[in-house]
Amino acid sequence: MTVSRNIHSVHNKYPALFFKSKHRVALPSHLLLTLTAQRTERQMATPSTLVTARLTAVVPRRAPPRVATPTPPVEPYKNNLNCSLNCSHFQTCSGCSHELNLDRPHVLQDVKKFFEENGVKDFSFHSGKLWEWRCRAKLAVRGTPNEPLVGLYQEGTHNVVDIPLCKAHHPRINAAVDLLKQGIAELNIRPYDEDSGFGELRYVQMAVTTYNTSLPLAERYLQGKVQVSLVWNSRDERSPNSGKLFELSNFLWKNAGPGSSMHLIHSVWANFQTTSTNVIFGHKWRHLEGEREFWEHLGGIDASIDPSSFGQANTQAFNSLLRKLQNYVPKGSSVLDLYSGAGVIGLSVAATRKCRSVKCVEINKESKASFEKSLSRLPKTLECAISWHNTDASLEPLHWLEGSDVVIVDPPRKGLHPSLVDALQKVSLSNKKVATKLESSLTRAKNEKRPWILRAREASVQVETGTNLDSDQIWPSTLIYISCGWDSFKEDCRNLVGKNGWHLEKAHAFNFFPGTQSIEVLAIFKRGPSVSLKKKKKKTKKNHS
């Protein structure tokens, strides 16, 4: 039986073939594959060179019985080569911190132990994709027009490491970066120089959307399209050097837009930034080419994510987390979503759990547009009062907590603001104590007269329903905490459970960033002490009596 394969495919699977003319590979079904490469110098120069593979069945001799040799105990999954990074940029690029056991980050042992010590016996870990998982990347652009460098800073420096073969990136991001470099060279665009402050292109953000209902579900991920955001070193599109910006945008669209042989680019945006700080984006954005709307299907809803809004890099893992989270929101709940961003979490529970009300609070005003677009895609028959508020919830957290059954928090890496932790500790007291303890705080809140505080309370976006929302003296009984900062989460957790005001009921972790020490945690807290602690107190009382 003779099979023809493209030489690149064979090279990836059998690299030893390119050093020997014959290579024998053991197959599990007692088949030995003999590969014979007949190549000339002319064939070697063409990528379409073919290799002939002859498949021959061979009956192996009976092997002598194996004698088991004792081995020292090892950690599970230790040095699992099947889950290794195998990236040529490892140790020069700062993106990944470890190469082996991508499916079991080192911090996982500490995570599991911590939750067991806090009463969670059925902790679970979800690994997901280990390679090609990153669908959103912010990359620095440095070097020269002829040799541009597009990648990440080397650890502890501002030297950019070029990462064209990144194993974490979605393949479409690497392809878009390659095309961008071609455009930089062809159009003689100067990458930014931090020392002098000169140059035209500072950074690029690549975001992949896999939302394409015309494709079968299994094909959508690999066939994703890339939204390219060019961070340009000028005040706006009227600056003298903006001519090259439009030339570069046109180059990308012409070579990889829908009219090209390879439809790779979803859209092109420009962001204008001139400051000398480490802040990547400026405040001005302009849409240049392609579709203006960027959609992803997450947690059962269509979510709009503008380039200026925060979006999770690992969309598949995030979707898994949302599906798990929804199980802990009782149907008909009143939900408060703090640090809500564009409201993906809040809107997903509104749609899937038939919530009575959902209130989203976010400090970044740029997220409002994405929230409104996502809201417009929700079913028209949904009976849920939904609002989005552009404010800092840490200024008067009790005002936001009142009237909610469930609170969802997804803070930045540094964790919850101390004022929010303090407010959660207060509402965790018994109803009688809450009425006494919070009376003065609520009185001050209701008598608030400062105009900027009153404006912040008003909803920037609001959908009313006919449902009665009498929420006086209702306080959260469930706290759902999503964390990307393990150390800050542990500190917040100790503060919350320290006086038995809250207890941990469930905990899950997700491998959002394979190859790093970061881990995403989903923790479910319930108000009051745990059942086991209540039983202990009852036993103690009986013994004393």
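Residues numbered from 1 in each chain as written. Predicted model: local features only at pLDDT ≥ 70, side-chain atom pairs only at ≥ 80, totals over all residues. Heavy atoms only, no water.

Under an unreviewed UniProt entry, the name given to the protein chain is S-adenosyl-L-methionine-dependent methyltransferases superfamily protein, and the source organism is Rhynchospora pubera.

**A few points about the overall build of the protein chain**
This is how the line gets drawn: Secondary structure is summarised from DSSP: a helix means a run of H or I of at least four residues, a strand means a run of E of at least two, and numbering begins at the N terminus for each. Three labels apply to residues, based on accessible area from a 1.4 Å probe with only protein chains included: buried if under 20% of the type maximum, exposed if over 50%, partly exposed otherwise in between. It only takes one pair of heavy atoms within 4.5 Å for two residues to be counted as in contact.
Secondary structure summary: the protein chain contains 16 helices and 22 strands in total. Sorting the 545 residues of the protein chain into buried and exposed places 47% on the buried side. For the protein chain, the proportion of contacts with a sequence separation of at least 24, taken over those separated by at least 6, is 68%.

**Considering the UniProt feature "active site" (unreviewed entry) in the protein chain**
This is how it is decided: UniProt positions are given in the numbering used here, feature names are shortened, and annotations may be inferred rather than shown by experiment.
Mapped onto this structure's residue numbering, the UniProt feature "active site" (unreviewed entry) falls at Cys484. For Cys484, the location among the structural elements is in the loop between strand 20 (478-483) and helix 15 (486-497). Accessibility expressed as a relative area gives 17% for Cys484, which makes it buried. Not counting residues up to four positions away in its chain, the partners in contact with Cys484 are Pro411, Pro412, Arg413, Ile519 and Glu520.

**Points about helix 6 (residues 242-256)**
To be explicit about the condition: In this analysis, the expected span of each helix is defined as 1.5 Å times one less than the number of residues it contains.
Taking 1.5 Å per residue, 15 residues should reach 21 Å; helix 6 reaches 21 Å between its end C-alpha atoms and fits that length. Those residues of helix 6 not exposed but buried are Ser242, Leu245, Leu248, Ser249, Phe251, Leu252 and Ala256. Packing partners of the buried residues in helix 6 comprise helix 4 (171-187), strand 9 (201-209), strand 10 (225-232), strand 11 (265-272) and strand 12 (284-290).

**Re the UniProt feature "binding site: S-adenosyl-L-methionine" (unreviewed entry) in the protein chain**
Spelled out, the test is: By the criterion applied in these results, polar contacts are pairs of N or O atoms within 3.5 Å in which, for protein atoms, one can donate a hydrogen and the other can accept it, and in which residues neighboring in sequence qualify only through two side-chain atoms.
The residues that UniProt annotates with the feature "binding site: S-adenosyl-L-methionine" (unreviewed entry) are Gln312, Tyr339, Glu362 and Asp410. For Tyr339, the contacting residues outside a window of four places in its chain are Val361, Glu362, Val409, Asp410, Pro411, Pro412, Gly415, Leu416, His417 and Leu420. Examined against the element boundaries, Glu362 turns out to sit in strand 16 (residues 357-362). For Glu362, a relative accessible area of 11% gives the class buried. With near-sequence residues (within four places) excluded, Glu362 lies in contact with Tyr339, Ser340, Gly341, Ser367, Trp388, His389, Asn390 and Thr391. Among the polar contacts made by the side chain of Glu362, one reaches the main-chain amide nitrogen of Ser340 at a distance of 3.4 Å.

**Some words on the packing of helix 11 (residues 418-427) against helix 15**
Basically, it comes down to this: Helix axes are fitted only over the stretch in contact, all axes being lines through C-alpha atoms; the angle between N-to-C directions runs from 0 to 180 degrees. Any angle from 65 to 115 degrees is called roughly perpendicular, while one under 35 is roughly parallel, one over 145 is roughly antiparallel, and all others are oblique. Helix crossings get a hand from a simple test, with the near helix turned counterclockwise from the far one by less than a right angle marking a left-handed crossing and a clockwise turn marking a right-handed one. All amino acids are sorted into three groups, where Ala, Val, Leu, Ile, Met, Phe, Trp, Tyr, Cys and Pro are nonpolar, Asp, Glu, Lys and Arg are charged, and the leftover types, Gly among them, are polar.
Running from N to C, helix 11 and helix 15 point in directions that differ by 30°, and their axes come no closer than 9 Å. Classified by the interaxial angle, the pair formed by helix 11 and helix 15 is roughly parallel. At the point where helix 11 passes helix 15, the crossing takes the right-handed sense. When helix 11 is examined against helix 15, the residues Val421, Leu424 and Gln425 are found in contact with a partner set consisting of Asp492, Asn495 and Leu496. When its residues are assigned to classes, the contact of helix 11 with helix 15 shows 3 nonpolar, 2 polar and 1 charged.

**Regarding the side chain of Asn271**
In this fold, Asn271 is placed in strand 11. The class of Asn271 is buried, set by a relative accessible area of 0%. Looking at Asn271, its side chain comes within polar contact range of the main-chain oxygen of Lys284, at 3.1 Å. Apart from residues no more than four positions distant in its own chain, Asn271 is found in contact with Leu230, Val231, Trp232, Ile280, Phe281, Gly282, Lys284 and Trp285.

**Regarding the packing of aromatic side chains**
As a reminder of what qualifies: Put simply, two rings from Phe, Tyr or Trp (the six-membered ring, in Trp's case) pair if the centres are within 6.5 Å, and we call them stacked under 30 degrees between planes, edge-to-face over 60, tilted for the rest.
Applying the stated rule across the entire model yields 13 aromatic pairs. Summarising the aromatic geometry, the rings of Phe281 and Trp285 are spaced 5.0 Å apart at their centres and angled 50° between planes, so their arrangement reads as tilted. For Trp285, a relative accessible area of 21% translates into the label partly exposed. Arranged with centres 5.0 Å apart and planes meeting at 90°, the rings of Tyr481 and Phe489 form a pair that is edge-to-face. Across the pair, Phe489 and Tyr481 agree in class, each one buried.

**A look at the packing of helix 3 (residues 108-117) against helix 15**
Two elements in contact, helix 3 and helix 15, have axes whose closest approach is 12 Å; the angle formed by their N-to-C orientations is 5°. Put simply, helix 3 runs roughly parallel to helix 15. Facing helix 3, whose interface residues are Asp110, Val111, Phe114 and Phe115, helix 15 presents Trp486, Phe489, Lys490, Cys493 and Arg494. Grouping the constituent residues of the contact of helix 3 with helix 15 by class yields 6 nonpolar, no polar and 3 charged.

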